[in-house]
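Below are the chains, spelled out letter by letter.
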Amino acid sequence: MASRLSIRKRRLARSTGGDLVIMMFLLIGGAFMVIPMIMIISNAFKPLNELFLFPPRLIVRNPTTKNFHDLMVMMAQSWVPFGRYLLNSLIIVFFGTLGNVFFGSLAAYVISIRKVPGTRFFMGIVILSLMFSSEVTRIPNYVTIAWLGWIDSLRAIIIPRWSSSMGLYLMKNFMDHMIDRSLVEAAEMDGANDFRIYWQIVMPNVKPAWLTMIILLFQELWRTQGGHYIYSEQLKTLPYALSQITQGGVARQGVQAAVTLVMMVIPIIVFLVNQSKIVDTMGTSGMAN
Amino acid sequence: MSSVVRKQSQVGVETRPGRRSALFKEMAAHKICYLFLAPYAILFIVFTVVPVVMAILLSFTYFNMLQPPQWIGLHNYIRLFLEDDIFLIAVKNTLVYATITGPVSYLLSFVTAWLINELKPKARAFLTLLFYAPSISGNAYMIWRIIFSGDTYGIINGFLMYWGFIDAPVQWLLNPDYIMPLVILVVLWMSMGTGFLVFIAGLQGIDPRLYEAGAIDGVRNRWQELWYLTLPQMRGYLMFGAIITITSSFTVAGEISNLVGFPSTDYAAHTIVQHLQDYGSIRFDMGYASAIAVILFFMMVVTQRVVQKLLNKVGE
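Residues numbered from 1 in each chain as written. Chains lettered and ligands numbered in written order. Predicted model: local features only at pLDDT ≥ 70, side-chain atom pairs only at ≥ 80, totals over all residues. Heavy atoms only, no water.

Thoughts on the confidence of the model for chain A
Residues and elements named next belong to chain A. Taken residue by residue, chain A gives an average pLDDT of 84. The fraction at 70 or more is 90%. Low pLDDT, under 50, characterises residues 1–11; the stretch is placed with 21 contacts to residues that sit more than four places away or in other chains. Overall, residues 283–289 carries pLDDT values under 50, and its contacts beyond four positions in sequence, including any with other chains, amount to 5 contacts. (pLDDT = per-residue confidence, 0-100. Contact = heavy atoms within 4.5 Å.)

Have a look at this one:
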């Protein structure tokens, strides 16, 4: 990595003026992005009287963990144990992501690497489908899912996710760009079958693609409330349970701030773990080429 | 590289006489590939293609979800354009959103990703998180409700009153004059999402030797490097980012309802998708809602075609 950077530095004389403008741009943009986020973190630690203060303060004065404590107490009083909500959310996130990455990349392999007849047309339809509002496809989908007998089961949320248009399109794009054709041909010479090429050549080389996909899917599925498909309380998800807790007007403002922070921190941790791996792979694959 | 393979696969299609049989032969030779495609394709057809086709058919019917749909031809479409004033407001607002937030967020995502990419790994990871965090965090944008809250506890009102610029709190989120710009601000705040992340990963994947070769070939500054070397390498990602941006900027709805209420004052922020939700989820007029979805679909497809034309010119 270090040697690569030093090569870049020697390569071109970047003008100091340009660097300065860029620094300013990133600083102002960064501040605009980060100030509301700081407020969210700060609000979670504010005692109730500080949430309603004039003039308002961005940063908490007397930080307290009371909001989190209140949240714990309310969670403990829940009729369905809170671990159950968490488990449901984790099941959805895990299986939803796994299936989408696996089936999506398998299909992307055929479309991007093999290009068998019909795949261009199929890809065209997938891209078009991205632009059709899911609002009106809800009713036909409900009918299908009811017919399959998946109502009030987590399958209703997990399995349709496995064919997300965005996931396939993303994988296909990364494969188009990142797979060295000669690598695939060499494997064919060695007599590797399609699954071997997919699993041992293509997938390791598009690691950034599926790490990015995991980030995006986790973020989306983590928010799932269960929608129209889940009725049983013991099958509801964590965001649903937390949104119920926070519906209590002014008195629950503190708890609400705590909930916002909790819901935010977990996808951010997943993001950080994956992002660090993306940077790792990029560094090594750049060298290996 | 890819053109070689494409040529190979087209050979079977282009030779006239045995065209069919050659095609079948090629398909049979790749049986295993179709098997790979099958799980995704079956789910995609069941959960996406069939519902979309049904929705398009429903757009020519009156369907209240209790009685069976009644065929009414183009009536829904005629009603939309001739009788529904609020729909026309929604179209206008959606176009304003799309033409402002679309290009701005797209360019910001790319430029930011490009600038961040030049930094050292630690700084890069930190700034990526900083810019990406608002869109990752679900309901985090609700903080803007507190910032622009209409009472004295609102951050903006509080400071403006404290410093004496205003005497009474301003109803930021209820005043039609402010609603639109504020929604645009918030949408831009959370627009560094999927596209941004893909740009970062894409830029990281460019072979550094390309730049070394470019420097020898006489690329003089970072702008030339961007135009002649980086952008052509990013073409697929750029199109991906464009489609994601088009779909998100044409379908802003939930954020608006949560920020400024549904419906917003004088429909000042009313968008096509909100209109669709109104008829689909509140009035249960699914035929009408489907017609709205079809029109929105065509608006996005046309935009996508135009953007594709523009992106093909990149790096030439």
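Looking at the domain arrangement of chain A
Accessible area lost on assembly of the parts is the figure often given for the size of an interface. All names here are of chain A. Along its sequence, chain A is organised into domain 1 (13–64) and domain 2 (73–288). Once you take the C-alpha centre of each, domain 1 and domain 2 turn out to be 31 Å apart. Each partner contributes residues to the interface: domain 1 has 9 residues there, and domain 2 has 8 residues. For the domain 1 and domain 2 pair, buried surface summed over both sides reaches about 690 Å², with 88% attributable to carbon and sulfur atoms. The largest share of the area that domain 1 buries against domain 2 comes from I40, A44 and F52, three residues that together contribute 48% of it. Connecting domain 1 to domain 2 are 0 salt bridges. Where domain 1 touches domain 2, the interface holds 0 residue pairs in polar contact (both at pLDDT 80 or more). For the side of domain 1 that touches domain 2, the elements supplying multiple residues, two or more each, are helix 2 (16–44) and helix 3 (48–51). The element best represented in the side of domain 1 that touches domain 2 is helix 2, accounting for 5 residues. Residue classes in the side of domain 1 that touches domain 2 are distributed as 8 nonpolar, 1 polar and no charged. (Domains from an automatic or database assignment. Buried area = accessible area lost by both parts, 1.4 Å probe. Salt bridge = Lys/Arg side-chain N within 4 Å of Asp/Glu carboxyl O. Polar contact = N/O pair within 3.5 Å; in protein donor to acceptor, adjacent residues only side chain to side chain. Helix = DSSP H or I, 4+ residues; strand = E, 2+ residues; numbered from the N terminus. Nonpolar A, V, L, I, M, F, W, Y, C, P; charged D, E, K, R; others polar.)

Notes on the side chain of S257(B)
Residues and elements named next belong to chain B. Looking at the secondary structure, you find S257 in helix 14 (residues 254–260). Among the polar contacts made by the side chain of S257, one reaches the side chain of Q274 at a distance of 2.9 Å. Apart from residues no more than four positions distant in its own chain, S257 is found in contact with F262 and Q274.

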